[in-house]
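# Structural characterization, general
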Amino acid sequence: MDFRLTPEEESLRQEVEQFVREEIVPLEPLFDGAPDIFEGSRWKSRARLSKDPEVKRYIGIMETLEEKAEARGLWYLDVPKEYGGLQVSNVAMIVVTEELEKTSVPFELGNHVSNILYACKGDQIEAFLLPCLRGEKTACFGLTEPGAGSDPAMLTTTATPDGGYFVLNGSKMFPTFADVADFAQVFARLPGTKGHEGVTCFLVETGTPGYRVVRSIATIAGTEPCELVFEDCRVPKGQVLGEVGNGWALNQAWLGARRFQVGIRCHGMARRALRSIQEYLQDYPSELGKFSPSLGAFIGELEALRSLTYFGAWKADHGVDVRFEAASVKLFGTELLHRVIEFALEVVGPPALRKKHHLARFFRHARATRIVEGASEVQRHIIQRTLFREGISFMELT
């Protein structure tokens, strides 16, 4: 097996590395004092509604970066060629994210449209997909419910056919940006179905009567997801994404693809945390011997995470079912990141407990990654299910 990047992937890596070094890294001191809304990627939706002059100043900096990235041909990387993109491989997108994670500035290349939106067809393409690709519209993802978090098969939101419409009733918890998005990708089930059966995805414009944001919920990670309620919300049948009853497959496609990105993001944040320890110990060389064994072990584990992430992305590029690999990356990456951050906090001590300290910010985000998009226990369940379904032979131990 050849573990080298293809010439195209290596060329892209070099271009992104240069862009990060020349355009983004010099902005790090400025973003150390940025408004809280610039933690993570919230600025892409919520910050743009702010009237605060300071927030607007930072938005201007980000938009200038976007223009520079687009001028270098680095904006529509993962967009299919039929929509004007480069359609690079999964491995290439891991390469891109790895380079971006070398800086603390919360900048992403591209608008990163939810991959399930490529199931749009007919008028949906112009109404929903293309505006998202151009950055003119944003969407939120409505799957989790008050009684259906770790097991979406238990969702109770219903979609009742009524002439040329489906009538949605139910509630959703924690869709990020639901209060500022232009439309929501909402999962509901047909009446009389259970489990994975009858689950359908709908494209619901947020101004639709019956769509109501009950509240936004401040979290330790700095995000502000919402609680949604649907009360006799009438959605045209032409706004079914994909096929009626095929929503479960769309949900799995969305989660699987994102988990490899989670892995490489965990790798990048953990590496930055270890660099913080290294910088701290330069002032306390007598402490180096005490912490060196743990540092060495973490570096080895991070290299294992990186290899597992790239291998999973490579398998995805070759059309292999990667549910096991995606779950392994999500579990290993988020748990490892949390251990690294806890270790960094212990080494640096009280100064790192300040809310504005970057390690404190890392800790808040690291804890959230073990819950969102599939909690650690769910990933363990997926892994053990593979073991019992395929037997011990899938690990090649026989």
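From a predicted model like this one, the values you see are computed outputs, not experimental measurements.

### Here we look at the packing of aromatic side chains
- Enumeration according to the criterion identifies 12 aromatic pairs in this entry.
- Taken together, a centroid distance of 5.1 Å and an interplanar angle of 75 degrees make the contact between F31 and Y58 edge-to-face. Taken together, the positions of F31 in helix α2 (residues 28–31) and Y58 in helix α3 (residues 53–71) put the pair 27 residues apart, joining distant regions of the chain. One exposure class covers both F31 and Y58, and it is buried.
- Among the aromatic residues, those joined into a ring-pair cluster are F19, W75 and F107.
- Note that R57 overlies the ring of Y58, its terminal NZ or CZ placed 5.0 Å from the centroid.
- It is K237 that lies over the ring of F166; its NZ or CZ is 5.7 Å from the centre.

### Some remarks on the pattern of salt bridges
- Applying the stated criterion to the full structure yields 26 salt bridges.
- Note that E17 is salt-bridged to R21, the shortest N-O span being 3.0 Å. Of the two residues, E17 and R21 are both situated in helix α1 (residues 7–24); the distance of 4 residues between them amounts to about one turn of the helix.
- According to the relative accessible area criterion, E17 is partly exposed, its value standing at 26%.
- In this structure R21 comes out as partly exposed when scored by relative accessible area, which is 45%.
- Two residues, E287 and K290, come together in a salt bridge whose shortest N-O distance is 2.9 Å.
- Linked through salt bridges whose partners overlap, the residues forming this network are E10, R13, E99 and K102.

### Description of helix α8 (residues 323–348)
- Here α8 contains 26 residues, and its C-alpha end-to-end distance of 37 Å stays within 8% of the 38 Å for a straight helix at 1.5 Å per residue.
- Counted residue by residue, α8 has 20 buried out of 26 residues, so it is predominantly covered.

### What to know about the pairing of strand β4 (residues 183–189)
- Of all 7 residues making up β4, 7 are buried, and the element is well covered by its neighbours.
- The two faces of β4 match: F183, Q185, F187 and R189 on one face and A184, V186 and A188 on the other face are all buried.
- Sheet topology note: the strand β1 (residues 139–142)/β4 ladder contains 4 bridges and is parallel. Bridged to A139 within β4 is F183.
- With 7 bridges connecting them, β4 and strand β5 (residues 199–205) associate as antiparallel partners. Within β5, the residue paired with F187 across the bridge is C201.

### Brief notes about helix α7 (residues 288–317)
- If you check α7, its first and last C-alpha atoms are 42 Å apart, about what 30 residues at 1.5 Å a residue would give, namely 44 Å.
- Among all positions in α7, only F291, L295, F298, L302, L305, T309, Y310, G312, A313 and K315 are buried.
- Positive backbone phi, at 75 degrees, marks G319, one or two positions downstream of α7.

### Some words on the nonpolar core
- Core analysis: the biggest nonpolar cluster contains 27 residues, and F19, I24, F31, F38, F107 and L109 have the highest contact counts within it.
- Looking at this core, the elements that each hand over two or more residues are α1, α3 and α4 (90–100).
- In terms of residue count, α3 provides more of this core than any other element does, 7 residues in total.
- The residues contacting F19, other than those within four sequence positions of it, are I24, L65, K68, A69, R72, L74, F107 and L109.

Reading guide: rules and limits
Residues numbered from 1 in each chain as written. Predicted model: local features only at pLDDT ≥ 70, side-chain atom pairs only at ≥ 80, totals over all residues. Heavy atoms only, no water. Phe/Tyr/Trp six-rings, centres within 6.5 Å; stacked < 30°, edge-to-face > 60°. Helix = DSSP H or I, 4+ residues; strand = E, 2+ residues; numbered from the N terminus. Buried < 20%, exposed > 50% of the residue type's maximum accessible area, 1.4 Å probe, protein only. Lys NZ or Arg CZ within 6 Å of the ring centre and 35° of its normal. Salt bridge = Lys/Arg side-chain N within 4 Å of Asp/Glu carboxyl O. Expected span 1.5 Å × (residues − 1). Pairing = 2+ DSSP bridges. Core = buried A, V, L, I, M, F, W, Y, C linked by side-chain atoms within 4.5 Å. Contact = heavy atoms within 4.5 Å.

On their own, these measurements won't tell you what the molecule is for.
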